[in-house]
Amino acid sequence: MSKLILGIESSCDETAVAVVEAGRKEIASVIHSQISEHAPWGGVVPEIASRSHLDQILPVLDRCLEEAQLELTDLAGIAVTTKPGLIGSLLVGVGAAKGLALATDLPLVGVDHIEAHVYAAAMDLPAPPYPAIALVVSGGHTALYLAEGPLSMKPLASTLDDAAGEAFDKVAHMLGLSYPGGPSIAKLAPKGDPRAIPFPRYRPKDGSIGFSFSGLKTAVLYHLRGGDALAATPAPEDIVDAANVAASFQEAVVDALVKMTLRAAQDNHLDQVLVAGGVGCNQRLREVFAAASEPDGIETHFPPPNRCTDNAVMIAGLGWHLFEAGRAADLDLDASPR
Ligand code: KG4
Ligand code: ZN
C-alpha cells in the first residue's frame, strides 16, 4: 500500500508542494518563493501573495510530480495547510487540495502550519525526541510549546508584540538592508561587534517565560538617532556603525531566544529542544544554542535551513501522522487565519 503523502503549503509567501513517504522520506519538494514580488514593498502584501499562489499552485504541483516521477494515483493522501496564515493565500492551497481530492478520491487532511514547523525539526532524527520543548521562531510567530508528540503541542509562552523574524525585518529596513531582513542582518553581523551596543533583553517582571521584541526595535531606532528619541532617523547611507548595530541586535535576539527556551526546558525537566521557523536559519542562533545547551545536557535540534523556512515537506510529513491518527477531513475542510 502506498505511503506517499502529497503536501501543499500556501499560508504566506511560498507556494510549495512536496511528496513524502511515511512521514520521513522526502521524495520531491518544489518551492516557489514570492520574495522578489514582495521585496519592493518591504514586506508581504496579502493581495500579491494570493494572486501569486493562484498563478503558481498548478505549475508547482506539476513540477513536484514530475520530480517525484509519480502520478496522482500513486499517492495515499493529500495534506494541506489550513491554519494559521493569510486567509486569501491559505484558501488557494485548500481549494487546490480539495479539487485534487475530489478528482482522485484520495483522502484529505488539514495541517496546522506551526505544528508542521516543529515536526520539521523532528522528522530526520533517528528516534522521536518527545517530550520536547519547541521554539517556533519565524516572521509571524515566536512561541514556546511543550511538544508531547508530533500532534500534541501545549502553548507555554508567546511574544507580547513582534515576532523575532519581524524584528529582524524591521531593523534591516532601518539599516537600509534588503528584504527579508533576517538573512541581510545575519550577513552583515559578522563584520560588527556583538558587544558594541548593549541593547536591552526583555525579561518578564514576574520571572515567568516570555518574549517581547518591540522594545529592542525601539532601542535600535533611538540608537540610530544618536540617543535622542525626537531626532530624525538618519538615512541608511548616513549610518556609520551599521555592522555593530546588526551584530548587537542579532546578539540580543539570540540571547533572549536561547535563554527563555533553555529555561523552559529546565522548568519542565526536559532535555530535548526543537527549534523551527525561518529565524532557525540563523547561524549565530544555532551556535549559541549548541554552546548553551551542552553544559546542561540538553540536545537542541534544528531542521536543515531549507526546512526552517516555509516548505511542503513538513506538511506532507505531519500529514502522514494525521492520517495514521484517523484525522482525515472531508470536503468541507476550511482555512482559518488563526
Ligand atoms: O518561517 P518563515 O519562512 O515564514 C513565516 O512563517 O513567517 O520565516 C520568515 C522569517 C523572516 O522574518 C526572515 O527575516 C527570517 O525568517 N529569517 C531569518 C534568517 N533567515 C530567514 N532571520 C534571521 N536570520 C536568518 N538567517
Ligand atoms: Zn512558516
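Residues numbered from 1 in each chain as written. Chains lettered and ligands numbered in written order. Predicted model: local features only at pLDDT ≥ 70, side-chain atom pairs only at ≥ 80, totals over all residues. Heavy atoms only, no water.

Quick look at the packing of helix α5 (residues 164-174) against helix α8 (residues 242-267)
Viewed as axis vectors pointing N to C, α5 and α8 meet at an angle of 175°, and their least axial separation amounts to 11 Å. In terms of orientation, α5 lies roughly antiparallel with respect to α8. Residues Ala164, Ala167, Phe168 and Val171 of α5 form the contact with α8, whose own contacting residues are Phe249, Gln250, Val253 and Leu257. For the contact of α5 with α8, the per-class residue count stands at 7 nonpolar, 1 polar and no charged. (Axes fitted to C-alpha atoms, helices over the stretch in contact; angles between N-to-C directions. Helix = DSSP H or I, 4+ residues; strand = E, 2+ residues; numbered from the N terminus. Parallel < 35°, antiparallel > 145°, perpendicular 65-115°, else oblique. Contact = heavy atoms within 4.5 Å. Nonpolar A, V, L, I, M, F, W, Y, C, P; charged D, E, K, R; others polar.)

Remarks on the coordination of the zinc ion (ligand 2)
The coordination sphere of the zinc ion (ligand 2) contains the protein donors His113 (NE2), His117 (NE2) and Asp310 (OD), at a distance range of 2.0 to 2.1 Å. Between the 4 donor atoms coordinating the zinc ion (ligand 2), the angles at the centre fall across 91 to 140°, so the site counts as irregular. Along the chain, the residues donating to the zinc ion (ligand 2) are arranged with the sequence spacing H-x3-H-x192-D. With His117 in helix α4 (residues 113-122) and Asp310 in the loop between β10 (299-301) and α10 (313-324), the pair connects residues that are 193 residues apart, well separated along the chain. Of the two residues examined, His117 and Asp310, each falls in the buried class. (Donors = N, O, S within 2.8 Å, 3.2 Å for Na, K, Ca; no water. Tetrahedral: all angles 85-135°; square planar, octahedral: opposite > 155°, others 65-115°. Buried < 20%, exposed > 50% of the residue type's maximum accessible area, 1.4 Å probe, protein only.)

Some points on the domain arrangement of the protein chain
Reports of interface size often rely on the accessible area that becomes lost once the parts have come together. Per the domain assignment, the segments of the protein chain are domain 1 (4-118 + 309-324) and domain 2 (129-302). With 16 residues of domain 1 at the contact, the number on the domain 2 side is 14 residues. Of the roughly 1300 Å² buried between domain 1 and domain 2, counting both surfaces, carbon and sulfur atoms make up 77%. Between the two partners, domain 1 and domain 2, sit 0 residue pairs in polar contact (both at pLDDT 80 or more). Within the residue set of the side of domain 1 that touches domain 2, elements represented by two or more residues are α1 (35-38), α4 and α10. Considering each element in turn, the side of domain 1 that touches domain 2 owes the most residues, 4 residues, to α4. (Domains from an automatic or database assignment. Buried area = accessible area lost by both parts, 1.4 Å probe. Polar contact = N/O pair within 3.5 Å; in protein donor to acceptor, adjacent residues only side chain to side chain.)

Concerning the site of ligand 1
Looking at ligand 1, there are 21 residues lining it, with Gly139, Asp169, Gly182, Gly278 and Asn282 nearest. The contact in question runs from an oxygen atom of ligand 1 to an N or O atom on the side chain of Asp169, over 2.7 Å. Asp310 places a polar main-chain atom, nitrogen or oxygen, 3.3 Å from an oxygen atom of ligand 1. Protein chains bury 88% of the 550 Å² of accessible surface belonging to ligand 1 in isolation. Among the elements that line the shell around ligand 1, the one with the most residues is helix α6 (residues 181-188), at 4 residues. Here the shell around ligand 1 is built from residues that sort into 7 nonpolar, 12 polar and 2 charged. The two domains that each donate at least three residues to the shell around ligand 1 are domain 1 (4-118 + 309-324) and domain 2 (129-302). (Near = heavy atom within 4 Å. Areas by Shrake-Rupley, 256 points an atom, 1.4 Å probe, with all protein chains shown as cover.)

Observations concerning helix α3 (residues 87-104)
The end-to-end C-alpha distance of α3 is 25 Å, a good match for the 26 Å that 18 residues give at a rise of 1.5 Å each. Turning to α3, its buried residues are Ser89, Leu90, Val92, Gly93, Val94, Ala96, Ala97, Leu100 and Ala101. Contacts made by the buried residues of α3 are with β1 (4-9), α2 (46-68), β4 (77-83) and β5 (108-112). Phi turns positive, to about 70°, at Asp105, one or two residues after α3. (Expected span 1.5 Å × (residues − 1).)

A word on the pairing of strand β7 (residues 142-149)
Strand residues, when the strand is regular, have side chains that alternate between the two faces of the sheet. Within β7, 7 of the 8 residues are buried, which leaves the element mostly enclosed by the surrounding structure. Bridge count between strand β6 (residues 132-137) and β7: 6 bridges; the pairing is antiparallel. Of the residues in β7, the one forming a bridge with Ile133 is Leu146. In this antiparallel pair of consecutive strands, β6 and β7, the connection spans 4 residues. As paired elements, β7 and strand β8 (residues 152-158) share 6 bridges and run antiparallel to each other. When the sheet's bridge partners are listed, Ala143 is paired in β8 with Ser158. If you look at the hairpin formed by β7 and β8, you'll find 2 residues sitting between the two strands. (Pairing = 2+ DSSP bridges.)

Describing helix α9 (residues 283-293)
Every buried residue belonging to α9 is among Leu285, Arg286, Val288, Phe289 and Ser293, and all of these are buried. Residues of α9 that are buried in the fold lie against β6, α8, β9 (272-276) and β10. The distance from a side-chain oxygen at the start of α9 to the backbone nitrogen of Arg284 is 3.0 Å, and the residue carrying that oxygen is Asn282.

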